[in-house]
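The residues making up each chain are set out below.
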Amino acid sequence: KAGVTQTPRYLIKTRGQQVTLSCSPISGHRSVSWYQQTPGQGLQFLFEYFSETQRNKGNFPGRFSGRQFSNSRSEMNVSTLELGDSALYLCASSSGGGETQYFGPGTRLLVL
Amino acid sequence: AQRVTQPEKLLSVFKGAPVELKCNYSYSGSPELFWYVQYSRQRLQLLLRHISRESIKGFTADLNKGETSFHLKKPFAQEEDSAMYYCALTGGGSNYKLTFGKGTLLTVNP
């Protein structure tokens, strides 16, 4: 099976802009989770989608949002970018019932 | 609140020496514990999870509920074990979010 894919792999944006990141899960997986990784805070959970519904949410401001499509592909959006949003954004997919989460390679976002 | 602590940012051992990466957690219920590994220029991948009780690449981890620990051990380290190791937990039930520790960078010297 093909692994989790994320696009784009790299992004440069300026403060105030918005960005959309995409994640394609492993075929058959219905759960997609998003994580932010920074040197200071480490890996932090953003949210999880299962069958197009947000099932779990982390402690991030409302500028961070996501959605999941009927084919399980997911997007996350960050509006009004801040310098502190510079990070590696990882998505992970699983079958959804607490099974192993498989991670994608990440999208590295740099906000200038 | 769920929290995972990995007290060592860096750990350096020689090839053939035993290695132990420490992990302590805080959670009021019955968590599920994991170790994830990230080799250089590769994606984060699952090494093992406590419910499977498997030994992967010679690594084992025992959940100690009394000490709230889930230390990762290997009796004889290999150079290819050099990587970043993350301990993580989920809260069980419908709480599938992974809470990660800050990670330990293991270097195995020849």
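Right above here is the structure, for reference.
Below, the structure is looked at part by part. Remember, it's a predicted structure, so these values are computed and weren't measured experimentally.

## Overview of the sheet that holds strand β3 (residues 19–21) of chain B
Residue and element names in this part refer to chain B.
Right, on to step 1. Pairing in this open sheet of three strands is antiparallel, and the strands run β3-β8-β7 from one edge to the other. Lying at the two open borders of the sheet, with one neighbouring strand each, are β3 and β7 (60–61).
Right, on to step 2. In the sheet, β7 pairs with strand β8 (residues 72–74) via two bridges, with the strands oriented antiparallel. Across the sheet, the residue bridging to A61 is L72, located in β8.

## Describing the interface of chain A and chain B
Right, on to step 1. Contact with chain A, which involves 21 residues of that partner, is made by 15 residues of chain B.
Right, on to step 2. Summed over both sides, the interface of chain A with chain B buries roughly 1500 Å², with 53% coming from carbon and sulfur.
Right, on to step 3. At the boundary of chain A with chain B, the tally comes to zero salt bridges.
Right, on to step 4. Elements that contribute at least two residues to the side of chain A that touches chain B include exactly β4 (31–38), β5 (42–50) and β6 (53–57) of chain A.
Right, on to step 5. Broken down by element, the side of chain A that touches chain B gets its largest block of residues, four residues, from β5 of chain A.

Rules used throughout
Residues numbered from 1 in each chain as written. Chains lettered and ligands numbered in written order. Predicted model: local features only at pLDDT ≥ 70, side-chain atom pairs only at ≥ 80, totals over all residues. Heavy atoms only, no water. Pairing = 2+ DSSP bridges. Helix = DSSP H or I, 4+ residues; strand = E, 2+ residues; numbered from the N terminus. Contact = heavy atoms within 4.5 Å. Buried area = accessible area lost by both parts, 1.4 Å probe. Salt bridge = Lys/Arg side-chain N within 4 Å of Asp/Glu carboxyl O.

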